[in-house]
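What follows is each chain in one-letter form.
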Amino acid sequence: MADPESTNPYASPQAEEQPGDAPAWDAWSDGQLVVTPPRSELPMRCWVCNAPATRRRALRKTGWLSLEGIVNISVEWHLCDAHHFRQRLLWVAAAVAVAVLAILGQALAGWMDFGPGIVMLGYLMIGGAFAALSWATRHWAGRQATVAQASPHRVTLKGAGPAFLESLKRQQ
């Protein structure tokens with residue numbers, strides 16, 4: 001007579017192997033830098049605060065010239081909802097600031113005849129607005145992943161937050 005558990009069609013399947021270890025990421029931290037292969041995906045954690053990430057970002061550079069040859073870079077990094085929202089909000093703020101400064105400059109140029117001096121002042125105001133937005137992006141909204149160095153075997157990225165850097169294994 002057959003064992004009733006082996007012939008039961010409604011029985012749960014039995015695993016033949018135990019599940020493996022968590023995936024080992026090819027990325028590691030080297031001080032304030034993240035080192036990874038040129039084609040890789042970083043852990044699904046926020047690039048800034050190391051919270052669980054929901055938004056994917058891609059850094060793709062075709063034909064990055066290095067001393068060892070031309071490198072094609074494709075690195076995917078991630079953001080949490082909060083940092084994604086902050087970065088989007090700053091882009092909208094940048095667009096609004098440029099539009100307001102352009103309208104203000106046109107209004108001043110139409111009302112008064114200041115000549116080239118007011119044009120230069122307008123450019124300085126727009127440059128100052130972009131500098132302020134750049135600072136705000138770095139300190140409030142989080143950083144973008146940018147390439148510091150590249151070779152055919154590894155890419156060094158800068159801009160990661162301290163919490164994300166702590167989560168990666170350190171270079172020995």
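Residues numbered from 1 in each chain as written. Predicted model: local features only at pLDDT ≥ 70, side-chain atom pairs only at ≥ 80, totals over all residues. Heavy atoms only, no water.

Caption draft 1: Here's a closer look at the overall build of the protein chain. Each helix and strand counted, the protein chain has four helices and seven strands in total. When the elements of the protein chain are put in sequence order from the N terminus, they spell out α-β-β-β-β-β-α-α-β-β-α. Classification of the 172 residues of the protein chain by burial places 30% in the buried group. Taking contacts inside the protein chain between residues at least 6 apart in sequence as the whole, the part at least 24 apart equals 67%. (Helix = DSSP H or I, 4+ residues; strand = E, 2+ residues; numbered from the N terminus. Buried < 20%, exposed > 50% of the residue type's maximum accessible area, 1.4 Å probe, protein only. Contact = heavy atoms within 4.5 Å.)

Caption draft 2: Region of interest: the nonpolar core. Counting residues in hydrophobic clusters, the biggest one holds 22 residues, and the most contacted among them are Val34, Leu42, Trp47 and Leu157. Elements with a contribution of two residues or more to this core: strand E3 (39-46), strand E5 (69-79), strand E6 (146-150), strand E7 (155-158) and helix H4 (162-167). With five residues, the top contributor of residues to this core is E5. (Core = buried A, V, L, I, M, F, W, Y, C linked by side-chain atoms within 4.5 Å.)

Caption draft 3: Region of interest: the pairing of strand E4 (residues 55-66). Strand direction decides the pairing type here: E4 and E5, joined by 10 bridges, are antiparallel. Within E5, the position partnered with Arg60 by the bridge is Ser74. Connecting E4 to the next strand, E5, in antiparallel fashion are two residues. (Pairing = 2+ DSSP bridges.)

Caption draft 4: Focus on the side chain of Ser74. Its place among the elements puts Ser74 in strand E5. The contact partners of Ser74, leaving out residues within four places of it in the chain, are Pro38, Arg39, Ser40, Leu59 and Arg60.

Caption draft 5: Structural detail: the pairing of strand E2 (residues 33-36). As defined by bridge partners, strand E1 (residues 28-30) adjoins E2 across three bridges and the pair is classed as antiparallel. The partner of Trp28 across the bridge, within E2, is Val35. With antiparallel pairing between neighbouring strands as the criterion, E1 and E2 make up a hairpin whose turn holds two residues, including Gly31 at a positive phi of roughly 70°. Strand direction decides the pairing type here: E2 and E7, joined by four bridges, are antiparallel. From the neighbouring strand, Thr36 faces E7, where its bridge partner is Val155.

Caption draft 6: The arrangement of the sheet that holds E5 in detail. Taken together, three strands build an open sheet; the order of strands is E3-E5-E4 and the sheet is mixed. In the strand order of this sheet, the two ends are held by E3 and E4, each with one partner. Pairs of neighbouring strands in the sheet enclose a mean axial angle of 15°, with direction left out of account. (Axes fitted to C-alpha atoms, helices over the stretch in contact; angles between N-to-C directions.)

Caption draft 7: Seen up close, the packing of aromatic side chains. All chains considered together, the criterion is met by two aromatic pairs. Relative to Trp77, the ring of Trp47 lies with its centre 5.6 Å away and its plane at 50°, an arrangement referred to as tilted. Taken together, the residues Trp47 in the loop between E3 and E4 and Trp77 in strand E5 connect sequence positions 30 residues apart. Pair check on accessibility: Trp47 and Trp77 agree, each one buried. Their ring planes at 45° and their centres at 5.4 Å tell us that Trp47 and Phe164 sit as a pair that is tilted. Here Trp47, found in the loop between E3 and E4, pairs with Phe164, found in helix H4; they are 117 residues apart in sequence, far enough to count as distant. The two residues Trp47 and Phe164 agree in class, both being buried. One aromatic cluster is present, built from ring pairs that chain together Trp47, Trp77 and Phe164. (Phe/Tyr/Trp six-rings, centres within 6.5 Å; stacked < 30°, edge-to-face > 60°.)

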